[in-house]
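Letter by letter, the chains look like this.
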Amino acid sequence: MVPPLLQWLLLLLSALIAVIIRLSLQTLSARRTRRRNTVAFFHPYTNDGGGGERVLWCAVRAIQDERPDLDCVVYTGDRDATPESLMGRAVDRFGVELVKRPEVVHLNKRKWIEEKTYPRFTMIGQSLGSVYLSWEALCKLTPSYYFDTSGYAFTYPLARLFGCKVICYTHYPTISTDMLLRVRSGSSMYNNDSLIARSIWLSRCKVLYYTIFAWMYGLVGSCANLVMVNSSWTQDHIVKLWRIPQRTRKVYPPCDTTGLQVLPLERSTVTPIIISVAQFRPEKAHSLQIQAFARALSKFDEGLAKAKLQLVGSCRNKADEERLEKLKELAIELKVEKDVDFHKNIAYRDLMRLLGGATAGIHSMTDEHFGISVVEYMAAGAIPIAHNSAGPKMDIVLDEDSQQTGFLARTEEEYADAILEILRMPESKRLKVAAAARKRAARFSEQRFYENFKSAIRPVLSQSS
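Residues numbered from 1 in each chain as written. Predicted model: local features only at pLDDT ≥ 70, side-chain atom pairs only at ≥ 80, totals over all residues. Heavy atoms only, no water.

**Here's the deal with the layout of surface pockets**
Taken as a whole, the second largest pocket holds about 250 Å³ of empty space. The wall of the second largest pocket is formed by F280, R281, P282, A285, H286, S287, A319, E322, R323, K326 and L327. Put simply, the parts of the chain that give the lining of the second largest pocket at least two residues each are helix 11 (286-298) and helix 12 (318-333). Per-element tally for the lining of the second largest pocket: the top contributor is helix 12, with five residues. In terms of residue class, the lining of the second largest pocket is made up of five nonpolar, two polar and four charged. (1 Å grid on protein atoms, 1.4 Å probe; cavity = no way out; pocket = protein on both sides within 12 Å on 5 of 7 lines; lining within 4 Å. Points joined across faces, edges and corners; volume = space filled by probe spheres on them. Helix = DSSP H or I, 4+ residues; strand = E, 2+ residues; numbered from the N terminus. Nonpolar A, V, L, I, M, F, W, Y, C, P; charged D, E, K, R; others polar.)

Structure, rendered in structure tokens:
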């Protein structure tokens, strides 16, 4: 007679074999029915309104121009998304006119990549969840080219298994050596809970977790046939982690410098505007901007025109909505609510109008991989005050023809001082700085993106799939 424990083990083994056989058959079936001449973009959130979405639509447009014979498909978890609505959104929110409507494949399992699903071990949870979501996507439609524009590297081995060539545009590494250093040093940030930061034992455990995750991340990332990165900072980290420098290209993201550069550099001196353009996400550090602005107001010289702060951004979900409400409460707490305006989910034309009236633009995200908003400030003639790290520091806010183009800051006091320095500038000096900033912004134009993007993808698209 077979012992009960052995019976259970045999039952579990049989179930596991059945699952493996079923998944293998599904994969083989998908490979056989793979749609040739199709590029599918894995972008679960097509309504996030940020720089990542701009890259998506510019990438679709670039491929439509480069290879008109290829069909473009978008995998999205937005149930109300239609080919018509996405095409309209590309124009209304980003000014990108697609050649033809993209096909849409709706995904029903997006909750498995949402942050709230994983209160702990968020990175590994979302990464494994993305594999499950990608499985749904690839089973519904298996393309010739799988194009990830949202940074879900753990999906690449699966896409390769389905017979796809994998292309990705990586905005930032999911993990970096900077994150490891913060945990080791006990720094508390949005991705390092204060409880962990205060505990040596918990910090050591997290360092081990990050180290293992970094190894896994490097393994899956190396499965990409072509990697495009958006900045020098991202390139440095991705090359170290994925170790495929020969397949890695730096392609600066598309910034609407052409449309913004026609705006006059002159600004109203009656009520100077400090603008902030960023999604209402925790890492964007909007609270630092409000605190710095309040500090600057407290130091205003008599006779200096009182400024206004405009916070412009989009909300992806309920958590972002709640974060926005807390920012409004912070403004009230600091007694600057009459001097701070909030603009949520506005249309592209309205963003252009606000940028055209701003004297300065503020950005406060630590280790921002690139910083499209900083470039947009510069192109519009608003002097940037950006965080002194990563993309803004390495690629964007650099001197142009030996002329200063903006300011870099880290602390509340440094941001406040920069705000005051800009507002105290003689008009002639402000115009010189703004003109130099605008000239530098031209390096990151949409036209430059299209040229570099097409040059990068051409060899891969010309290969037989």
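**Quick look at helix 17 (residues 427-441)**
Taking 1.5 Å per residue as the helical rise, helix 17 with its 15 residues ought to reach 21 Å, and the 21 Å between its terminal C-alpha atoms agrees with that figure. Every buried residue of helix 17 is accounted for by R430, V433, A434, A436, A437, R438, R440 and A441. Lining the buried residues of helix 17 we find helix 10 (257-261), helix 14 (372-380), strand 12 (383-387) and helix 15 (390-396). (Expected span 1.5 Å × (residues − 1). Buried < 20%, exposed > 50% of the residue type's maximum accessible area, 1.4 Å probe, protein only. Contact = heavy atoms within 4.5 Å.)

**With respect to the packing of helix 11 against helix 16 (residues 412-424)**
Running from amino to carboxyl end, helix 11 crosses helix 16 at an angle of 55°, the nearest separation of the two axes being 8 Å. The angle between the axes of helix 11 and helix 16 places the two elements in the oblique class. In the crossing of helix 11 with helix 16, the sense of the turn from one axis to the other is right-handed. Between helix 11 and helix 16, the residues in contact are L288, Q291, A292, F293, R295 and A296 and E412, E413, Y415, A416, I419 and L420, respectively. By residue class, the composition of the contact of helix 11 with helix 16 is eight nonpolar, one polar and three charged. (Axes fitted to C-alpha atoms, helices over the stretch in contact; angles between N-to-C directions. Parallel < 35°, antiparallel > 145°, perpendicular 65-115°, else oblique. Left-handed = near helix turned anticlockwise from the far one by under 90°.)

**Quick word on the sheet that holds strand 7 (residues 248-250)**
If you trace the seven strands from one edge of the open sheet to the other, you get 3-2-1-4-5-6-7, paired in parallel fashion. With one partner strand each, in any of the chains shown, strand 3 (103-106) and strand 7 form the two edges of the open sheet. Averaged over all neighbouring strand pairs, the angle between strand axes comes to 20°, with direction disregarded. Taken together, the four bridges between strand 4 (residues 143-148) and strand 5 (residues 165-170) define a ladder with parallel strand orientation. (Pairing = 2+ DSSP bridges.)

**As for the packing of aromatic side chains**
Counted according to the given criterion, the structure contains 19 aromatic pairs. Between F370 and F444, the ring centres sit 5.4 Å apart and the planes meet at 70°, which makes this aromatic pair edge-to-face. With F370 in the loop between strand 11 (360-362) and helix 14 and F444 in the loop between helix 17 and helix 18 (446-461), the pair connects residues that are 74 residues apart, well separated along the chain. By the burial criterion, F370 is buried, and F444 matches it. Following the ring pairs from residue to residue traces out a cluster consisting of F41, F147, Y169, F449, Y450 and F453. (Phe/Tyr/Trp six-rings, centres within 6.5 Å; stacked < 30°, edge-to-face > 60°.)

**Focus: the environment of G381**
Locating G381 in the fold gives a position in the loop between helix 14 and strand 12. The class of G381 is buried, set by a relative accessible area of 0%. Between the C-alpha atom of G381 and that of V433, which follows or precedes it by 52 residues, the distance is 8.8 Å. In this view, G381 contacts L265, R267, A358, T359, R430, A434 and R438; residues no more than four positions away in its chain are not counted.

**A short note on the sheet that holds strand 8 (residues 273-277)**
Within the open sheet, the six strands sit side by side as 10-9-8-11-12-13. Their pairing is parallel. Strand pairing shows two members of the sheet lacking a second neighbour, strand 10 (340-344) and strand 13 (407-409), which therefore form its edges. Put simply, the sheet's adjacent strands are angled 20° from each other on average, direction ignored. Relative to strand 9 (residues 308-313), strand 8 is paired through five bridges, and the arrangement is parallel. Note that in strand 9 the partner of I273 across the bridge is K308.

Scope: geometric values only; no functional claims are made or implied.
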